[in-house]
Amino acid sequence: MQGFVNREALSTTISSRKATFFSRSRSTLWTKGETSNNFINILDVYIDCDRDSIIYLGTPDGPTCHTGAETCYYTSVLDQLNNDEVSGNKLALTTLYSLESIISKRKEESTVPQEGKPSWTRRLLTDDALLCSKIREEADELCRTLEDNEEVSRTPSEMADVLYHAMVLLSKRGVNMEDVLAVLRKRFSQSGIEEKQNRTK
């Protein structure tokens, strides 16, 4: 992964032996794993020849990337250029993970007092009733694109709204998008009826 550090973050990393960074958006230190418990236990710290970049060498307690991947660098540019299908699949995942990352940042920021009008995501994160009502509303509007035979362009638009609001709920519940995709992958090899019968009640 990559992060920004200042002198205090580096000092904290060395003393605590936990990878610590500086958030420029929140102007505060943050330790990798402070919310997920996926800490990076520092073994050593290296600087480059120009002394303008640093590498933390450590052992992670879990996935390094918030998506559940071992590394944040899992998207190959060459694969995307050479294979349209691979490119499309990875672009879709990258889009989901980017949205998930933005929502995660808003979640962190929601614990810090804010002046002025809060963002829509922040409002949803702090109001469960509003969030759930919006998910139901957007799901209904998605169905109406079929029932009312609306323009086809309305369907992806409404689906995007459903997906966004649902991902905010996932964030509230501490569930990653990768957890959802893993469930879907497991269902590929069994019928929907069988899957429902096997669900834990």
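Here the structure is a predicted model, which means the values were calculated and not measured. Starting afresh in each chain, residues are numbered from 1 along the sequence in its written order. Whole-chain, interface and lining totals are the exception, using all residues; otherwise, since this is a predicted model, local features are given only for residues with pLDDT of at least 70 and side-chain atom pairs are given and counted only at 80 or more. The side-chain numbers reported here are obtained from all heavy atoms of the structure, hydrogens and water having been left aside.

## Comments concerning the overall build of the chain
Logical step 1: Secondary structure elements are taken from DSSP: a helix is a run of H or I of four residues or more, a strand is a run of E of two residues or more, and numbering for both begins at the N terminus. Secondary structure summary: the chain contains 8 helices and 4 strands in total.
Logical step 2: From first element to last, N terminus to C terminus, the chain shows the α and β order α-β-β-β-β-α-α-α-α-α-α-α.
Logical step 3: Each residue is placed in one exposure class: buried if its accessible area under a 1.4 Å probe, protein chains only, is under 20% of its type's maximum, exposed if it is over 50%, and partly exposed if it falls in between. Counting every position in the chain, which comprises 201 residues, the buried fraction comes to 21%.
Logical step 4: Should any heavy atoms of two residues lie within 4.5 Å, those residues are considered in contact. Long-range pairs, those at least 24 residues apart, make up 39% of the contacts in the chain between residues at least 6 apart in sequence.
Logical step 5: What sets the accessible areas is the Shrake-Rupley method with a 1.4 Å probe; for residues, cover comes only from the shown protein chains. For the chain, the computed accessible surface area is about 14000 Å², with 53% contributed by carbon and sulfur atoms.

## Focus: the confidence of the model for the chain
Logical step 1: Per-residue confidence from the predictor is reported as pLDDT, which spans 0 to 100. Residues of the chain with pLDDT of at least 70 account for 88%, and the chain-wide mean is 86.
Logical step 2: Within the chain, helix 5 (residues 128-147) carries the highest mean pLDDT (97), whereas helix 8 (residues 192-198) carries the lowest (64).

## Comments concerning unusual backbone geometry
Leave glycine aside and you will find that most residues have negative phi; peptide bonds, for their part, are mostly trans.
Logical step 1: Positive phi values are uncommon outside glycine, yet Ser-27 reaches one of about 55°.
Logical step 2: With respect to the secondary-structure elements, Ser-27 resides in the loop between strand 1 (20-23) and strand 2 (28-31).
Logical step 3: Even without being glycine, Asn-149 reaches a positive phi, approximately 50°.
Logical step 4: Relative to the helices and strands, Asn-149 is located in the loop between helix 5 and helix 6 (154-173).
Logical step 5: Residue Asn-149 is classed as exposed on the basis of its relative accessible area, which comes to 67%.

## Concerning the side chain of Thr-121
Logical step 1: The residue Thr-121 is located in helix 4 (residues 120-125) in this model.
Logical step 2: Here Thr-121 is in contact with Arg-106, Tyr-164 and Val-168, once residues within four sequence places are set aside.

## Comments concerning the nonpolar core
Logical step 1: Grouped together as the largest cluster of nonpolar side chains are 14 residues, with contacts concentrated most on Ile-103, Leu-124, Leu-131, Tyr-164, Met-167, Val-168 and Met-177.
Logical step 2: Ranked by the residues each element gives to this core, the list is headed by helix 6, at 4 residues.
Logical step 3: Residues in contact with Met-177, not counting those within four places in the same chain, are Leu-96, Tyr-97, Glu-100, Leu-163, Met-167 and Leu-170.
Logical step 4: Of all hydrophobic cores here, the second largest spans 5 residues; its members include Phe-21, Ile-40, Ile-42 and Tyr-56. What we call a nonpolar core is a set of buried Ala, Val, Leu, Ile, Met, Phe, Trp, Tyr and Cys residues that are connected through their side-chain atoms within 4.5 Å.

## What about the packing of aromatic side chains?
Logical step 1: Two aromatic rings from Phe, Tyr or Trp, using only the six-membered ring of Trp, form a pair when their centres are within 6.5 Å; if the ring planes differ by under 30 degrees the pair is stacked, by over 60 it is edge-to-face, and anything between is tilted. This model, assessed by the stated rule, comprises 3 aromatic pairs.
Logical step 2: Note on Phe-21 and Tyr-56: the rings are 5.5 Å apart at their centroids and 45° apart in plane angle, and the pair reads as tilted. Placement of Phe-21 in strand 1 and of Tyr-56 in strand 4 (residues 54-60) is noted, with a sequence separation of 35 residues between them. The exposure classification of Phe-21 matches that of Tyr-56, with both residues buried.
Logical step 3: Grouping aromatic residues by their ring pairs yields a cluster made of Phe-21, Trp-30 and Tyr-56.
Logical step 4: Note that Arg-24 overlies the ring of Phe-4, its terminal NZ or CZ placed 4.2 Å from the centroid. Charge-over-ring contacts are defined here by two conditions on Lys NZ or Arg CZ: a distance within 6 Å of the ring centre and an angle within 35 degrees of the ring normal.

## Looking at the pattern of salt bridges
Logical step 1: By definition here, a salt bridge exists when the distance from a side-chain nitrogen of Lys or Arg to a carboxyl oxygen of Asp or Glu is within 4 Å. Applying the stated criterion across every chain, the model contains 9 salt bridges.
Logical step 2: Residues Glu-109 and Arg-106 are paired through a salt bridge, measuring 3.7 Å at the closest nitrogen-oxygen approach. Of this pair, Glu-109 and Arg-106 both sit in helix 3 (residues 84-109), separated by 3 residues, roughly a single helical turn.
Logical step 3: Overall, Glu-109 belongs to the partly exposed group, its relative accessible area being 22%.
Logical step 4: Lys-172 is the partner of Asp-128 in a salt bridge, and the nearest nitrogen-oxygen pair spans 2.8 Å. Taken together, the residues Asp-128 in helix 5 and Lys-172 in helix 6 connect sequence positions 44 residues apart.
Logical step 5: Classification of Lys-172 by relative accessible area gives partly exposed; the value is 34%.

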